[in-house]
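# Chain and residue survey
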Amino acid sequence: MRAGDTLAQIAARFGVSLPELMRLNQLTNPNLIAVGQRLLIPAETNTQVLPTGVTLAPQNVAQGETLTLAVAAPDATDMQGALDKQDLHFRRVGDTWYALAGISRCANYVGNFPVALTWRDAQGNAQPMQFDVHVNAGAFGVQDLTLTAQMSALLDPAIMNAENALVGETVGAFTAEQKWQGKFRLPLDVKNPRISTTFGERRSYNGGAPGLCGHEGTDYAVAGGTPVYAPAGGVVVLAEPLKVRGNVVFIDHGRGVFSAFYHLDKIIAKQGQRVQAGDLVAQVGTTGFSTGYHLHWSMWVNGVYVNPSQWMEQEIP
Ligand SMILES: [Zn+2]
């Protein structure tokens, strides 16, 4: 251990999960590590071996990505399960059962994580299935921000916690119907807009240590008043001013997938409104915790922040 190292950073550097590293070194508290202390690092940690009929996309998933689990089970009448602590919601297409999982971007979410599934056969018998998914480290940069006193005041835990609870509740409401079709579109009609902060970029405030979890979305630096369009079909589930995130629009795309736009100027979409890809929902602003005009786009799968770019590049089943 060197001064300033945290166990979570070491785990991420060597591609092991924090629980694995703690187990191997018989540690009970990740915060009680001494400088100069020697740690055992597992040599080969990727034990991802998939049972017959199970496929993952991407096959080698990384932090911040959306993982699609596909299970070929023509005899199953029902399928349930979880990836680590995340409940999976399966839907059947032909003989294959599909579930989406959000893979955390936080530095401690690297290594092997268990998937435990139970499906029912035609006779109603429960059939268990277990395997590991190996999460590879994401390549996230570090950005240093200098905060004004007014912005620092917004980082007040009381304000943050209340707002985070509302956001958590909003994106935790699962609706089964898939409301999107095909790839998502860029929510702006601007050619190659400049990205000012990428998804997962870790921020240090006024020279402090960077946080464990990086940027919760993608920031596009575009002019104030630029129209913001729905990236895919869905239902507007929150459209109101918040203290930290500023004026927001949240869209439920179904199956646990959500988009949100922050720091908006004018909110155009109404709560409860059904939208299609390309519908005008707002205008770019700089409201809330913001240093200038930009569009912040967050996405979640099962309440976990995921990288929106993947949804524009790939059609996710
Ligand atoms: Zn942002």
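Scroll up a little and you will see the structure.
The structure reproduced in this document is the subject of the present report. It should be emphasised that the depicted structure is a prediction, and the values quoted were computed from it without experimental measurement. (Residues numbered from 1 in each chain as written. Predicted model: local features only at pLDDT ≥ 70, side-chain atom pairs only at ≥ 80, totals over all residues. Heavy atoms only, no water.)

### Here we look at the coordination of the zinc ion
Taken together, the protein ligands of the zinc ion are His215 (NE2), Asp219 (OD), Asp219 (OD) and His296 (ND1), with distances of 2.1 to 2.7 Å. Seen from the zinc ion, its four donor atoms lie at angles of 53 to 144°, and the figure they make is irregular. Within one chain, the residues serving as donors to the zinc ion are arranged as H-x3-D-x76-H. Here His215 is found in the loop between strand E11 (202–205) and strand E12 (218–221), whereas its partner His296 is found in strand E19 (residues 295–301), with 81 residues between them in sequence. Of the two residues, His215 and His296, both sit in the buried class. (Donors = N, O, S within 2.8 Å, 3.2 Å for Na, K, Ca; no water. Tetrahedral: all angles 85-135°; square planar, octahedral: opposite > 155°, others 65-115°. Helix = DSSP H or I, 4+ residues; strand = E, 2+ residues; numbered from the N terminus. Buried < 20%, exposed > 50% of the residue type's maximum accessible area, 1.4 Å probe, protein only.)

### Overview of the state of the cysteines
Per the stated rule, a full pass over the model turns up one disulfide. Across a sulfur-sulfur distance of 2.0 Å, Cys106 and Cys213 are joined as a disulfide pair. Measuring the twist about the S-S bond at about 110°, one finds the Cys106-Cys213 disulfide to be right-handed. Of the two residues, Cys106 is situated in the loop between strand E6 (96–102) and strand E7 (111–120) and Cys213 in the loop between E11 and E12; the sequence distance between them amounts to 107 residues. (Disulfide = S-S within 2.5 Å.)

### Some points on the sheet that holds strand E5 (residues 91–93)
Taken in spatial order, the four strands make up an open sheet running E1-E2-E6-E5, and their pairing is antiparallel. Edge positions in the sheet fall to strand E1 (54–57) and E5, since each of these pairs with one other strand and no more. Each adjacent strand pair in this sheet contributes to an overall mean axis angle of 30°, direction not counted. Pairing geometry for E5 and E6, over three bridges, is antiparallel. Note on E6: the bridge partner recorded for Val93 is Thr96. (Pairing = 2+ DSSP bridges. Axes fitted to C-alpha atoms, helices over the stretch in contact; angles between N-to-C directions.)

Keep in mind these values describe shape, not function.
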